[in-house]
Amino acid sequence: MTAAEPVPDGQVGVWAAPGRVNLIGEHLDYVGGPVLPIAIDLQTTVKARRRTDGRVRVWSGITDRSVEFGADTAPGDVDGWARYAAGTVWALAESGRTTGGADLVISSDVPLGAGLSSSAAIECGIAVALAGLEGWEVDPVEMALICQRGENDYAGAPTGSMDQLASMCGEQGHALLIKTASAPPTVKPVPAHWVDDGYALVVVDTRAKHSHAGGEYGQRRAQTVELTELLGLETLAAAPPDAVLKVDDPTLKARLRHVITETQRVRSAVRALAARDWPQLGQLMTASHVSLRDDYDVSAPELDLTVEAALEHGALGARMTGGGFGGSAIALVEAGGVDALRAAVAAAFARIDFPAPRTFVVEPADGARRVS
Ligand code: ADP
Ligand code: MG
């Protein structure tokens, strides 16, 4: 984010922040592992105008509601969808940046609750809008961590840092290799050329509800904390392959196996991107899905069905993406095969009376920024 003059009172500026898809490296952002997301070309737009009365009003076209709260809001003040906005205002203030007030109008084409990080998109969009209004200069990684804090400690969703880092730091034509072992995490753009090579990344929003704030996600996190303590490690992703031999409990053993093998798969995926070896990237994606399904146990019937149908109909690889228990799956396919894959997935869903999924193609896009 570049330094900017504050937006003069009364003038409206427009900012946008994208959703994200994680190519590979799932459930690793809270165990110190590497993740490899892209920001996508679906985004949340924030029209913003300064206020000077210390109040923030946020209106969303999706909820068709406006909610108003003080710039000095604290956790517990605001609930429902607007807590993601209030959480960002709060976390910015906690970092020493209290807004003088703002009117915020939100619109979004990131589907909500589909595992594509509409939550990070609204947070990051608001964060860059407030920074722009006030003329704050904030490093994008720091800004992402501020947004994460808002989501964790205000909105009450215990996510890792990947979603906000992807939304804040995305680069068109690039995936982001994010290493979460260090504080702050490091973010390295990695060229991702599948579009140039005639392939497409298809997202299937299964419309099965996922919930980050819900118990399962928190339970997986707690299991990784237990494992980290049991093995006496700083971060679980640093566990050597033979660490599984030291764990007796079969459930914990399986969770650890996912963390170890998924960490290796991210490293291989970075090499596959560099070599433009799309069959190899596809295989790694599918192996990631199997590990998430069998070892981490975070898949859902709709996700498994999507992956199966995609693989049977031309995908080089497919996997659930995001936290799991519903949400979206992704598939890498030759661009000419997108329609056939879409039809095959739709038919598979119809056969067993699942509601029709939504399918679209995404490309690696830029992160949060001022639009006008
Ligand atoms: P995901 O991030 O995968 O879309 P989450 O459950 O983390 O799913 O976040 C979705 C929630 O974020 C929504 O239920 C809503 O409360 C809030 N949200 C995100 N974008 C918007 C928006 N444009 N307008 C209103 N609320 C939004
Ligand atoms: Mg989210």
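Everything below is about the structure printed above this text.
Residues numbered from 1 in each chain as written. Chains lettered and ligands numbered in written order. Predicted model: local features only at pLDDT ≥ 70, side-chain atom pairs only at ≥ 80, totals over all residues. Heavy atoms only, no water.

Caption draft 1: Expanded view of the overall build of the protein. On a plain count of helices and strands, the protein comes out with nine helices and twelve strands. Taken over the C-alpha trace, the protein has a radius of gyration of 20 Å; the compact-globule value for 372 residues is 21 Å, and the two agree within 12%. In terms of its C-alpha atoms, the protein occupies a principal-axis envelope of roughly 55 × 50 × 40 Å. A buried classification covers 57% of the 372 residues belonging to the protein. Residue pairs at least 24 apart in sequence account for 72% of intrachain contacts in the protein once pairs closer than 6 positions are excluded. Side-chain charges in the protein split into 32 positive and 47 negative, and the spacing between the mean points of these groups amounts to 1 Å. (Helix = DSSP H or I, 4+ residues; strand = E, 2+ residues; numbered from the N terminus. Rg over C-alpha atoms; globule rule 2.2 N^0.38 Å. Buried < 20%, exposed > 50% of the residue type's maximum accessible area, 1.4 Å probe, protein only. Contact = heavy atoms within 4.5 Å. Lys, Arg positive; Asp, Glu negative; His and termini not counted. Charge placed at Lys NZ, Arg CZ, Asp CG, Glu CD.)

Caption draft 2: How the structure looks around the pairing of strand S8 (residues 199-205). In terms of burial, S8 is a largely internal element, seven of the seven residues being buried. Looking at chain direction, S8 and strand S11 (residues 358-362) are connected through five bridges and run antiparallel. Within S11, the position partnered with Val203 by the bridge is Phe360. (Pairing = 2+ DSSP bridges.)

Caption draft 3: The arrangement of the environment of Asp53 in detail. Topologically, Asp53 is positioned in the loop between strand S2 (34-50) and strand S3 (55-60). A C-alpha to C-alpha distance of 50 Å links Asp53 and Pro301, two positions 248 residues apart in sequence. Here Arg51 takes part through its side chain, which lies 2.9 Å from a polar atom of the side chain of Asp53. Polar side-chain contacts of Asp53 include one of 3.1 Å to the backbone nitrogen of Arg55. (Polar contact = N/O pair within 3.5 Å; in protein donor to acceptor, adjacent residues only side chain to side chain.)

Caption draft 4: Layout of the site of ligand 1. The immediate surroundings of ligand 1 are formed by 19 residues, with Ser60, Gly113, Gly115, Ser118 and Ser119 found nearest. Between ligand 1 and Gly115, the relevant distance is 3.0 Å, taken from an oxygen atom to a main-chain nitrogen or oxygen of the residue. In the complex, the protein chains occlude 88% of the 560 Å² of accessible area that ligand 1 would expose alone. Elements supplying a minimum of two residues to the shell around ligand 1: strand S5 (102-108) and helix H2 (118-134). Per element, the largest residue contribution to the shell around ligand 1 is three residues, and it comes from H2. The residue makeup of the shell around ligand 1, split by class, is nine nonpolar, nine polar and one charged. (Near = heavy atom within 4 Å. Areas by Shrake-Rupley, 256 points an atom, 1.4 Å probe, with all protein chains shown as cover. Nonpolar A, V, L, I, M, F, W, Y, C, P; charged D, E, K, R; others polar.)

Caption draft 5: Representation of empty space enclosed by the protein. In this structure the tally under the stated criterion is one cavity of 30 Å³ or more. Its volume calculated, the largest cavity comes out at about 90 Å³. Around the largest cavity sit 13 residues that line it, and Glu26, Asp29, Met162, Tyr217 and Gly323 are the ones nearest its centre. Partitioning the lining of the largest cavity into residue classes produces three nonpolar, six polar and four charged. Counting residues domain by domain, the lining of the largest cavity receives three or more from each of domain 1 (12-191) and domain 2 (199-362). (1 Å grid on protein atoms, 1.4 Å probe; cavity = no way out; pocket = protein on both sides within 12 Å on 5 of 7 lines; lining within 4 Å. Points joined across faces, edges and corners; volume = space filled by probe spheres on them. Domains from an automatic or database assignment.)

Caption draft 6: Examining the sheet that holds strand S9 (residues 317-321) more closely. Across the sheet, which stays open at both edges, the four strands sit in the order S9-S10-S8-S11 with antiparallel pairing between neighbours. Both edges of this open sheet fall to S9 and S11, since each of them pairs with a single strand only. The average undirected angle you get between the axes of adjacent strands in this sheet is 25°. Strand direction decides the pairing type here: S9 and strand S10 (residues 328-334), joined by five bridges, are antiparallel. Bridge assignment links Ala318 to a residue of S10, and that residue is Ala331. (Axes fitted to C-alpha atoms, helices over the stretch in contact; angles between N-to-C directions.)

Caption draft 7: Quick look at a positive patch on the surface. A grouping of Lys179, Lys188, Arg267 and Arg271 is seen on the molecular surface, where their side chains present a positively charged patch. Here Lys179 shows up in strand S6 (residues 174-179). Taking relative accessible area as the criterion, Lys179 reaches 46% and is therefore assigned partly exposed. (Patch = residues over 30% accessible without salt bridge, like charges linked within 9 Å, V, L, I, M, F, W, Y side chains within 5 Å. Salt bridge = Lys/Arg side-chain N within 4 Å of Asp/Glu carboxyl O.)

Purely geometric numbers; function is a separate question.
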